[in-house]
Amino acid sequence: MLAVHQEQKYKRHRPETTLLYQLVERYYPEFTANLAEQGKYLPKYVEREFDDFLRCGRLEHGFMRVVCGDCKHEKLVTFSCKRRGFCPSCGARRMAESAALLVDDVLHGYPIRQWVLSLPIPLRLLLARYPTELSKVMSIIHRAISTHIVGCAGFSNKQAKTGAVTLIQRFGSALNLNIHFHMLFLEGAISENPWGGTTFTRIKAPSHDDMVTLVHTISHRIARYLEKAGLVVRDMDNTYLNLPIDDEDSLLQLQGASVSYRIALGPQQGQKVFTLQTLPASSDGEYGQLANTSGFSLHAGVFANALEPDKLERLCRYISRPAISEQRLSMTQHGQVRYELKTPYRDGTTHVFFSPIDFIGKLAALIPPPRLNLTRFFGVFAPNSNLRAQVTASQRLLHSERENSPKRVNKEHSQSDKPYHARSMSWLAGTAQRLRRVFNIDITECEKCQRHNVRIIACISDVFVINKILTHLDKYYPVTAQANLLPPLRAPPEFETTQQNFSWGA
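None of these values were measured; they are calculated from a predicted model.

Take the overall build of the protein next. Looking only at helices and strands, the protein features 13 helices and 18 strands. For the protein, with 506 residues in total, the buried portion stands at 45%. Considering only contacts in the protein between residues 6 or more positions apart, those separated by 24 or more positions represent 71%. Of the accessible surface of the protein, which amounts to about 28,700 Å², a share of 52% is contributed by carbon and sulfur atoms.

Pasting the structure below:
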């Protein structure tokens, strides 16, 4: 008997009931107070990230009234913070949007290979300190890989080009600051035909020797550029970063501790983060599409064929996922924050532990600075590319519809021949599409009459009106008390001299 797949019902996200929200709400004021005692303060954009996170999804800070046009059933939908740091709900929404955009409008129809480049720990701190250098470093990386791909296709850089979409990830699985690059490259090169149009030439998967050559080329070019820019200094024996020392820069202190897996604040400051090893150590070496040199690691083992859009979308969701997973976050009986790694380390480490104050510091180190674009388009997908309109999936589909349409208008400047732009959707339509695509939830369906006639009737942001509506709803529909996932605060232990105490010494 076949099982019928039913859609789930939409339920409002209640961030105040999550452990992450309760940790930030309780310990963020104490964290800032500890910094103030040392004469240090967080940058304004970091403070704004925490403040907006505490307002995200809360009815007290505004909502929209959504009503069914048939049965008049009404529900409230809260506002989101739309921040890029550590908010899981906004990160999940952005993940769904990015994956849908890349699969439907950009990459669909081509074989795609993921190239992942990890940097040495000092360079992670350097690029976090100087985010403007990311563009130059990424250009070096893209130029090396694209030249290899075009050469394998039998062309030169003047004869053909390839394309890539790069997503910059700033976090590791242990909530550490780990700037690395996930690059979705075309598995081949695109060349222009003399008679018009383009031709795609596919290449073979890179060998291990190719990976070793590429990672050496990339590492040497990046080191040479950073040395020329004065950010890296070499002498006869050592190579070190040329970072300014500023005792008042609290974010640099937090980023340095995060990138090196150390404790940033408290009596154990500077010590290694406590870890738990529950698996035997693994001794896997270099193999296949993986190469390492001087702290650089290049991997290209994940591939999605042109006829595998579902696999490509899963890959796009993975590389654009939020920084923190609430499912892997928990508390110990002793009040420590326990975070489970997504993939165990080679030494068998499966969990990391933080004090609540140090956990807040780890979140602060992950917040990207404003106006830093974390998604970049290169090659034929670049905004200034002459081939972008011919190779992107949305443009190819539009061109095919024009050619096959029986009602095509034969005018030189007809309305249908205008350049295609992604249609902006209303909030309700966009949210409904994302929820249906990712979680199989239809927000446009009324819970009572199961009809699709739900619309927005008001946007409430006035404090007086908000309190009046919430007071009315609480009177007739009492809200259950939120679950407290934090252990109760405990006073220091009292040491009393009794006959039951143990005596130390002989």
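A word on the sheet that holds strand β2 (residues 74–78). The strand order across the open sheet formed by 3 strands is β2-β1-β18, and the pairing between neighbours is antiparallel. Bordering the open sheet on either side are β2 and β18 (454–460), each of which pairs with just one other strand. Each neighbouring strand pair of the sheet contributes to a mean axis angle of 30°, computed without reference to strand direction. Here strand β1 (residues 63–68) pairs with β18 via 6 bridges, running antiparallel. Bridging across to β18, Arg65 finds its partner in Ala458.

Scanning the entire structure with this criterion turns up 8 salt bridges. The partner of Arg83 in a salt bridge is Asp52, with the nearest N and O atoms 2.7 Å apart. Residue Arg83 is located in the loop between β2 and α3 (88–107), and its partner Asp52 is located in helix α2 (residues 44–55); the two are separated by 31 residues in the primary sequence. For Arg83, a relative accessible area of 25% translates into the label partly exposed. For Lys362, the salt bridge identified is with Asp358, shortest N-O distance 3.1 Å. Of this pair, Lys362 and Asp358 both sit in helix α9 (residues 356–366), 4 residues apart, roughly one helical turn. Like Asp358, Lys362 is buried. Each of Glu16, Arg58 and Glu60 takes part in salt bridges that share partners, so that together they form one network.

Okay, the sheet that holds strand β5 (residues 163–171) next. Read from one edge to the other, the open sheet built from 6 strands follows the order β12-β13-β3-β6-β5-β17, with strand pairing classed as antiparallel. Both edges of this open sheet fall to β12 (290–293) and β17 (375–379), since each of them pairs with a single strand only. Averaged over all pairs of adjacent strands, the angle between strand axes in this sheet comes to 20°, irrespective of strand direction. Relative to strand β13 (residues 296–304), β12 runs antiparallel, the two being bridged by 4 bridges. Bridging from a neighbouring strand, Leu290 pairs with His299 of β13.

This brings us to empty space enclosed by the protein. Counted by the stated rule, this structure contains 5 cavities of 30 Å³ or more. As a volume, the largest cavity reaches approximately 50 Å³. Along the walls of the largest cavity sit His13, Pro15, Thr18, Phe53, Cys56, Cys87, Pro88, Ser89 and Glu326, which together make up its complete lining. Of the residues contributing to the lining of the largest cavity, the split by class is 5 nonpolar, 3 polar and 1 charged.

Our focus in this paragraph is the confidence of the model for the protein. Chain-level statistics for the protein give a pLDDT mean of 81 and a share of 77% at 70 or above. The low-confidence segment residues 407–425, where pLDDT is below 50, has 13 contacts with residues more than four positions distant or belonging to other chains. Note that pLDDT drops below 50 for residues 494–506; the model gives that stretch 1 contact with residues more than four away or on any other chain.

The subject of this paragraph is a positive patch on the surface. The grouping of Lys136, Arg143, Arg221, Arg224 and Lys228 at the surface amounts to a positive patch. Counting residues per element, the positive patch draws most heavily on helix α6 (residues 208–228), at 3 residues. Mapped onto the elements of the fold, Lys228 is located in helix α6.

Every α-helical turn comprises 3.6 residues, leaving residues that sit three or four positions apart pointing alike. Across its 19 residues, helix α5 (residues 134–152) extends 27 Å between first and last C-alpha, which sits within 8% of the 27 Å expected from 1.5 Å per residue. The set of residues buried in α5 consists of Leu134, Val137, Met138, Ile140, Ile141, His142, Ala144, Ile145, Ser146, His148, Ile149 and Val150. At the exit of α5 stands Gly154, carrying a positive phi of roughly 90°.

It is worth spelling out the side chain of Asn193 at this point. Along the chain, Asn193 turns up in the loop between β7 (188–192) and β8 (198–202). Owing to a relative accessible area of 16%, Asn193 belongs among the buried residues under this scheme. Here the side chain of Asn193 touches Thr199 through a polar contact of 2.7 Å, side chain to side chain.

Further remarks concern the layout of surface pockets. Considered as a void within the structure, the second largest pocket measures approximately 1,300 Å³ in volume. Around the second largest pocket, the lining comprises 35 residues; the ones closest to its centre are Ser118, Thr343, Pro344, Tyr345 and Arg346. Within the residue set of the lining of the second largest pocket, elements represented by two or more residues are β3 (112–118), β5, β6 (177–186), β12 and β13. At 4 residues, the largest contribution of residues to the lining of the second largest pocket is made by β13. Each residue belonging to the lining of the second largest pocket can be placed in one class, and the counts come to 14 nonpolar, 16 polar and 5 charged.

Below, the discussion takes up the packing of helix α1 (residues 19–37) against α9. Running from N to C, α1 and α9 point in directions that differ by 90°, and their axes come no closer than 8 Å. The orientation of α1 relative to α9 falls into the category roughly perpendicular. On α9, the residues touching Leu20, Leu23, Val24, Tyr27, Tyr28, Glu30, Phe31 and Asn34 of α1 are Pro356, Ile357, Phe359, Ile360, Gly361 and Leu363.

Criteria and cut-off values
- Residues numbered from 1 in each chain as written.
- Predicted model: local features only at pLDDT ≥ 70, side-chain atom pairs only at ≥ 80, totals over all residues.
- Heavy atoms only, no water.
- Helix = DSSP H or I, 4+ residues; strand = E, 2+ residues; numbered from the N terminus.
- Buried < 20%, exposed > 50% of the residue type's maximum accessible area, 1.4 Å probe, protein only.
- Contact = heavy atoms within 4.5 Å.
- Areas by Shrake-Rupley, 256 points an atom, 1.4 Å probe, with all protein chains shown as cover.
- Pairing = 2+ DSSP bridges.
- Axes fitted to C-alpha atoms, helices over the stretch in contact; angles between N-to-C directions.
- Salt bridge = Lys/Arg side-chain N within 4 Å of Asp/Glu carboxyl O.
- 1 Å grid on protein atoms, 1.4 Å probe; cavity = no way out; pocket = protein on both sides within 12 Å on 5 of 7 lines; lining within 4 Å.
- Points joined across faces, edges and corners; volume = space filled by probe spheres on them.
- Nonpolar A, V, L, I, M, F, W, Y, C, P; charged D, E, K, R; others polar.
- pLDDT = per-residue confidence, 0-100.
- Patch = residues over 30% accessible without salt bridge, like charges linked within 9 Å, V, L, I, M, F, W, Y side chains within 5 Å.
- Lys, Arg positive; Asp, Glu negative; His and termini not counted.
- Charge placed at Lys NZ, Arg CZ, Asp CG, Glu CD.
- Expected span 1.5 Å × (residues − 1).
- Polar contact = N/O pair within 3.5 Å; in protein donor to acceptor, adjacent residues only side chain to side chain.
- Parallel < 35°, antiparallel > 145°, perpendicular 65-115°, else oblique.

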